[in-house]
Amino acid sequence: MAPAAGSGLTGDSLITRHVQQDRVPWYKKPNLRMLYILMFPTCIGIEMTSGFDSSMMNGLQAVPSWDAFFNHPRSTILGLLSALYSLGSICSLPFVPFVTDRFGRRWAIIFGSIIMIIGAALQTASQDFAMFVIARFLLGFGIPFAIVAASSMIGEIAYPKERARIGSLFNASWFIGAIVAAGVTLGTFTMPNNWGWRIPSILQVVPSLLQITFIWFLPESPRWLVSKGRGEEAYAILAKYHAEGDLNSEFVKLEYAEIEKTLELEKEQAKGSWKELIAASGMRRRLLICSFLGLATQWSGNGLTSYFLARILDNVGIHDDHTKNLINLAMTCWGFVNGTTLALTVPKMRRRTAYLTCTIALTCIFTGWTVASAQYAITGSQEASRAVIAFIFLYSVAYNMGFNALTYTYLVELFPYHARAKGIAVFQWWGRAAGFFNQFVNPIGIANAGWKYYISYCVFLLFEVIFVWFLFPETSSRSLEELAFLFEGEKIREEQQKRVEEEVQENRVPIADDISDKESALHVETKT
């Protein structure tokens, strides 16, 4: 057994046992069903913006009007156009945890969405290279506010039974935006004027408009409300959505007690400053894992197909723009099919098993991709060219199994509430920094080194397998509160359990005794 396989957690808590015994599916629970419907445009769908941007930049490289308008960008200039999105994210991330923790998950989503709408409008109206670059910077600046807040919200408000799968669907929505962008650029690339690239640009505003429209109907995170001393509202939300309005539900009483006492204990242990991420060994390990995940989600080779597919296809003899856009659309649709399927199934697996399978498969597939690219470069073999295309499609499945399906689910499980926004922000920082590096360096590497450039990715993928084996803890089948002190030892977990049990025994409900019906619970939940 690998050193990191155990988490120090043993036995099932009352919450875990209750969830396992709940046989009623979510779609037969009206309130919970409505919650998940609202979460799609407001939280789950946020990654549509990233998917749209990635696929759009891929597609625009094959749109003649865009290529001509910006004087045929290649190498360094092409890298800069793509990398400004990541640079904007890097610049915003120091402020993201403050906004998310201070003003709440909902307001952080609204703030980020407004910035992205401004960026998309500027991108559409761009008159020159500088204006396009500024617009891409603003789009990148806004997206982390929405991503960090939404991924936290999903984990903190979803019913424990579906939490992992809902969190996994968060990244899967990337493909919806990517499919739309690929389809739009395929349809506009023949336009003889600048609307061939302005139409895809303006459509990038749609996900943000959906978020601003529907966010007002979504309740705030109960954990954020408890942290702000608004326990009555938090309890009402838990009762409405996790017990269909039953304020006397034993499960809700237990869930609320676990949240309240865990946050209380967290406050005693930490003050929520950035410095605490490196102050204790447990937090340092979390920091190391989330930093690795940030790098791995970008340095596993996906940056090549996400932003520079057209140049990769050039290297294996595919030069027709229509064919390139068809391959881009087909690959994106395939990614959506396998990504969504894996998002609904992989969360049932143990986290370490899924990540190890993912990294080992990626190493094997990318090595084959590199060999086939080398064979084509040396011999011009059409069989090798077709093999590269096949490996690109296989790569999608392997990547989505771990880095797409589990990353945000795993991060939410890994960090306790007081450090969750900061942890996801650190993950985003490393991911965006790696993305900036990739987007700037990849076109240069592809142009100058060709298939030899892929060897660097093969080496890093092998490192990923080793890292996951030795350092990834198991977090599946536990509530967020059970995982709050994952690395902090048995003593503090025993104290946590003691406080929760005492709270449950007192049978105290943070809502007045005369409020017992669903309409009153709704009134409490929505008050400001």
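Residues numbered from 1 in each chain as written. Predicted model: local features only at pLDDT ≥ 70, side-chain atom pairs only at ≥ 80, totals over all residues. Heavy atoms only, no water.

A.B. asks: Honestly, the pattern of salt bridges in this entry has me stumped. Any pointers?
C.D. replies: Side chains that carry opposite charge are capable of pairing whenever their charged atoms lie near each other. With the rule as written, the count across this model stands at 21 salt bridges. Residues D101 and R105 are paired through a salt bridge, measuring 2.9 Å at the closest nitrogen-oxygen approach. A residue is classified by how much of its surface remains accessible, and D101, at 17% relative accessible area, is buried. Judged by its relative accessible area of 0%, R105 is buried. When the shortest N-O distance is used, the salt bridge between E413 and R163 registers 3.1 Å. You can see E413 sitting in helix α23 (residues 407-414) and its partner R163 sitting in helix α9 (residues 163-172), a full 250 residues away along the chain. Of the two residues, E413 and R163, both sit in the buried class. In this structure, a network of salt bridges that share partners links the residues K261, E264, E268, E495, R499 and E503. (Salt bridge = Lys/Arg side-chain N within 4 Å of Asp/Glu carboxyl O. Buried < 20%, exposed > 50% of the residue type's maximum accessible area, 1.4 Å probe, protein only. Helix = DSSP H or I, 4+ residues; strand = E, 2+ residues; numbered from the N terminus.)

A.B. asks: Looking at this structure, I do not really get the environment of A135. What am I missing?
C.D. replies: Following the sequence through the fold, A135 ends up in helix α8 (residues 129-157). Sequence separation between A135 and L406 is 271 residues, and the spatial gap between their C-alpha atoms is 31 Å.

A.B. asks: Just to check I follow, could you spell out a nonpolar patch on the surface for this structure?
C.D. replies: A cluster of nonpolar residues, F98, F103, W107, V206, L210, F214, W216 and F217, forms a patch on the protein surface that exposes about 820 Å² of accessible area. Of all elements in the fold, only α6 (96-103) and α12 (206-214) reach the threshold of two or more residues within the nonpolar patch. Per element, the largest residue contribution to the nonpolar patch is three residues, and it comes from α12. By relative accessible area, which is 48% here, F98 ends up partly exposed. (Patch = residues over 30% accessible without salt bridge, like charges linked within 9 Å, V, L, I, M, F, W, Y side chains within 5 Å. Areas by Shrake-Rupley, 256 points an atom, 1.4 Å probe, with all protein chains shown as cover.)

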